[in-house]
Amino acid sequence: MTRAGRPRRSNPHDNGSSSLTLQPKSATAPLTGLAGLLGLALAVGVLVDKSWPVHLQAMTVIAATAAAMIAVDTAYFQTFRRRSTGLQAKPMRALEVERVMRKLIGFIVTLTTIAAVYWILPEYRREFYAPYWAALYDTLPALLVTAPFYVAYVDRRQTDPEDSYAEIGAFVLGGAVPQRTEQIRQHVRGWIVKGFFLPLMFVYLCSALGSILAGLEQPYQFDIMRWHAFAIDLLFMVDVLVAVVGYIFTLRVLDNHIRTVEPTVFGWLVCLACYEPMNAATRAYLNYETGANWTAVMPTPALQVFWGSAIVFCVLIFVWSTVSFGLRFSNLTNREERHLSRDPDYAAYCDYIAENGAVAQFKRLFAKASRSPIGRSG
């Protein structure tokens with residue numbers, strides 16, 4: 001039995017060295033992330049020497065990156081055909097205007113609630129968030145126009161059309177108490193995640209993108225600190241860009257909808273402590289970056305290049321982990337080990353790694369060596 005209590009899957013080609021040889025299929029693929037990087041490169045090429053407002057520049061790279069990722073996911077991986085979308089390939093029913101209206105009302109109520117929180121909290125009145133508000137003003141009309149068509153399309157194909165939006169709409173219209181309370185809780189938590197992280201990541205993206213475009217417009221001159229800062233800004237931009245795309249395009253038709261959100265207060269506190277404005281304490285007490293100049297302790301240019309390259313390489317590994325999520329990056333949703341372990345697919349993956357991962361293979365190799373005559377001769 002596996003650690004999740006399920007019987008191990010058998011394989012007719014199993015040679016006995018491992019009882020679980022079929023690796024579970026991943027929900028993400030590196031190809032999707034690589035396509036997004038290509039879209040980003042094309043967008044940056046277009047934006048060089050363009051004096052557009054920063055929020056329009058950010059919206060351009062978001063659109064190009066998302067379009068490339070969606071094209072790969074839909075055309076190559078055909079994620080819209082997965083059963084996990086909860087959608088059928090063809091309409092299951094005629095258009096039910098009443099339920100579509102309930103869903104649209106639930107959607108508008110959700111957006112209105114988020115907007116009210118933004119308006120109430122002084123944090124969101126800072127100039128820091130100006131690019132985010134500018135982007136919202138430019139995109140909100142298009143969102144409101146396309147939402148009815150998307151909701152109607154999905155509703156006709158949903159195997160279970162009474163989702164959280166429909167229940168919220170029913171409550172607003174007639175006071176019907178939602179019956180699926182956990183579904184509503186997931187809805188609320190999911191929108192809190194998006195409402196909190198999307199403004200931050202969008203503003204971070206604007207800042208990093210501005211630095212990259214400014215650097216590309218300057219004449220080439222090799223300087224280790226300049227090169228290092230440019231590389232870090234570029235990687236940081238990629239990281240937050242993938243995050244923004246993930247928060248925006250949580251769509252069921254892409255099999256990218258939120259399944260579950262971290263349910264514990266502790267999990268939220270650990271995550272939010274790393275971001276503004278909650279990280280003020282860590283910045284005050286643990287701000288070791290201020291004034292740091294590692295080139296000052298490197299006696300030769302060669303060592304400076306080596307050390308700077310090592311830092312960039314480590315950041316590259318971190319960013320690649322984000323890129324590998326493709327369209328499916330998000331904080332607090334199917335993250336942290338305890339939370340993820342509730343997902344049967346992840347539990348199956350853990351079972352596979354426990355028996356077929358590098359550590360398991362090393363243990364088997366060590367055990368085999370210790371049983372051999374040479375291993376026992378010492």
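Participant: Tell me about the overall build of the chain, residues and numbers included.
Facilitator: In terms of regular secondary structure, the chain is built from 14 helices and zero strands. Ordered by position from the N terminus, the helices and strands of the chain form the series α-α-α-α-α-α-α-α-α-α-α-α-α-α. Across the 378 residues of the chain, 38% fall into the buried class. Contacts in the chain between residues far apart in sequence, at least 24 positions, make up 78% of those at least 6 positions apart.

Participant: Requested: an account of the packing of helix 3 (residues 97-120) against helix 5 (residues 164-174), with residues and values cited.
Facilitator: Axis separation between helix 3 and helix 5 bottoms out at 7 Å; the angle between their running directions is 90°. Classed by the angle they form, the pair helix 3 and helix 5 counts as roughly perpendicular. Between helix 3 and helix 5, the contacting residues are R99, R102, K103, I105, G106, F107, V109 and T110 on the first element and Y165, A166, I168, G169, A170, V172 and L173 on the second.

Participant: Describe unusual backbone geometry, listing the residues and the values that go with them.
Facilitator: Geometrically, the link from E276 to P277 is a cis peptide bond, its omega value of -5° lying close to zero. Along the polypeptide, P277 turns up in the loop between helix 8 (265-272) and helix 9 (280-285). Here Q78, not a glycine, exhibits a phi torsion of approximately 50°, which is positive. Look at Q78 and you get partly exposed, because its relative accessible area is 34%.

Participant: Give me the lowdown on a nonpolar patch on the surface, citing residues and values where you can.
Facilitator: Residues L31, L34, L37, Y76 and W320 make up a contiguous nonpolar surface patch of roughly 490 Å² in combined accessible area. In terms of residue count, the dominant contributor to the nonpolar patch is helix 1 (residues 30-47) (three residues). Mapped onto the secondary structure, Y76 falls in helix 2 (residues 54-76).

Participant: Outline the environment of Q158, listing residues and values.
Facilitator: Relative to the assigned elements, Q158 resides in the loop between helix 4 (130-157) and helix 5. We classify Q158 as buried; its relative accessible area is 2%. With 71 residues separating them in the primary sequence, Q158 and L87 have C-alpha atoms 4.6 Å apart. Among the polar contacts listed, one links the side chain of Q158 to the side chain of K103, at a separation of 2.5 Å.

Participant: Give a detailed account of the pattern of salt bridges, specifying residues and quantitative values.
Facilitator: Proximity of charged atoms lets side chains of opposite charge pair with each other. Taken as a whole, this structure holds 15 salt bridges when the rule is applied. The partner of R328 in a salt bridge is D73, with the nearest N and O atoms 2.8 Å apart. In this pair, R328 sits in the loop between helix 10 (301-323) and helix 11 (337-340) while D73 sits in helix 2, placing the two residues 255 residues apart along the sequence. Put simply, R126 and E276 hold a salt bridge, and the shortest N to O gap is 3.7 Å. Of the two residues, R126 sits in the loop between helix 3 and helix 4 while E276 sits in the loop between helix 8 and helix 9, which places them 150 residues apart along the sequence.

Participant: Which residues make up the packing of helix 5 against helix 6 (residues 181-217), and what values do they have?
Facilitator: It is at 9 Å that the axes of helix 5 and helix 6 come closest, and there the two elements cross at 100°. The angle between helix 5 and helix 6 falls in the class roughly perpendicular. Across the interface between the two elements, S164, Y165, E167 and I168 from helix 5 touch Q183, I184, H187 and W191 from helix 6. Broken down by class, the residue content of the contact of helix 5 with helix 6 amounts to four nonpolar, three polar and one charged.

Participant: Could you give me a rundown of the nonpolar core, with the residues and numbers involved?
Facilitator: Judged by nonpolar contacts, the single largest core of 64 residues is most densely connected at V61, F197, M201, L205, L209 and Y247. Breaking this core down by element, the ones donating at least two residues are helix 1, helix 2, helix 3, helix 4, helix 6, helix 7 (224-248), helix 8 and helix 10. No other element matches the 16 residues that helix 6 contributes to this core. If we ignore the near neighbours within four places in the chain, the residues touching V61 are L40, A43, V44, L47, L205, L209 and L241.

Participant: With reference to specific residues and values, describe the packing of aromatic side chains.
Facilitator: Across all of its chains, the model carries 18 aromatic pairs by this definition. Ring plane angle 70° and centroid distance 6.1 Å describe the contact between F107 and Y165, whose orientation is recorded as edge-to-face. Here F107, found in helix 3, pairs with Y165, found in helix 5; they are 58 residues apart in sequence, far enough to count as distant. Judged by relative accessible area, which is 14%, F107 ranks as buried. Owing to a relative accessible area of 22%, Y165 belongs among the partly exposed residues under this scheme. Through a chain of ring-to-ring contacts, the aromatic side chains of Y118, Y124, F128, Y129, Y132, W133, F202, Y204 and F236 assemble into a single cluster. Just above the ring of Y153 sits the side chain of R157; from NZ or CZ to the centre is 3.8 Å. The side chain of K194 reaches across the aromatic face of W191, ending 4.5 Å from its centre.

Participant: Break down the side chain of T110 for me, citing the residues and quoting the values.
Facilitator: Within the element layout of this structure, T110 appears in helix 3. There is a polar contact of 2.8 Å between the side chain of T110 and the backbone oxygen of G106. Dropping the residues within four chain positions of it, T110 is found in contact with Y165, I168, H187 and W191.

Participant: Just give me the short version of the environment of A66, but keep the residues and values in it.
Facilitator: Looking at where A66 falls in the secondary structure, it is placed in helix 2. Considering only alpha carbons, one finds A66 and A35, 31 residues apart in sequence, at a separation of 9.1 Å. Sequence-distant contacts of A66, defined by excluding residues within four places in its chain, comprise V245 and F249.

Participant: Hey, could you go over helix 3 for me, with residue numbers and the actual values?
Facilitator: Taking 1.5 Å of rise per residue, the 24 residues of helix 3 would be expected to cover 34 Å, and the 34 Å separating its terminal C-alpha atoms lies within 8% of that figure. Residues of helix 3 that are buried include every one of R99, V100, R102, K103, L104, G106, F107, T110, I114 and Y118, and no others.

Procedures and definitions
Residues numbered from 1 in each chain as written. Predicted model: local features only at pLDDT ≥ 70, side-chain atom pairs only at ≥ 80, totals over all residues. Heavy atoms only, no water. Helix = DSSP H or I, 4+ residues; strand = E, 2+ residues; numbered from the N terminus. Buried < 20%, exposed > 50% of the residue type's maximum accessible area, 1.4 Å probe, protein only. Contact = heavy atoms within 4.5 Å. Axes fitted to C-alpha atoms, helices over the stretch in contact; angles between N-to-C directions. Parallel < 35°, antiparallel > 145°, perpendicular 65-115°, else oblique. Patch = residues over 30% accessible without salt bridge, like charges linked within 9 Å, V, L, I, M, F, W, Y side chains within 5 Å. Areas by Shrake-Rupley, 256 points an atom, 1.4 Å probe, with all protein chains shown as cover. Salt bridge = Lys/Arg side-chain N within 4 Å of Asp/Glu carboxyl O. Polar contact = N/O pair within 3.5 Å; in protein donor to acceptor, adjacent residues only side chain to side chain. Nonpolar A, V, L, I, M, F, W, Y, C, P; charged D, E, K, R; others polar. Core = buried A, V, L, I, M, F, W, Y, C linked by side-chain atoms within 4.5 Å. Phe/Tyr/Trp six-rings, centres within 6.5 Å; stacked < 30°, edge-to-face > 60°. Lys NZ or Arg CZ within 6 Å of the ring centre and 35° of its normal. Expected span 1.5 Å × (residues − 1).

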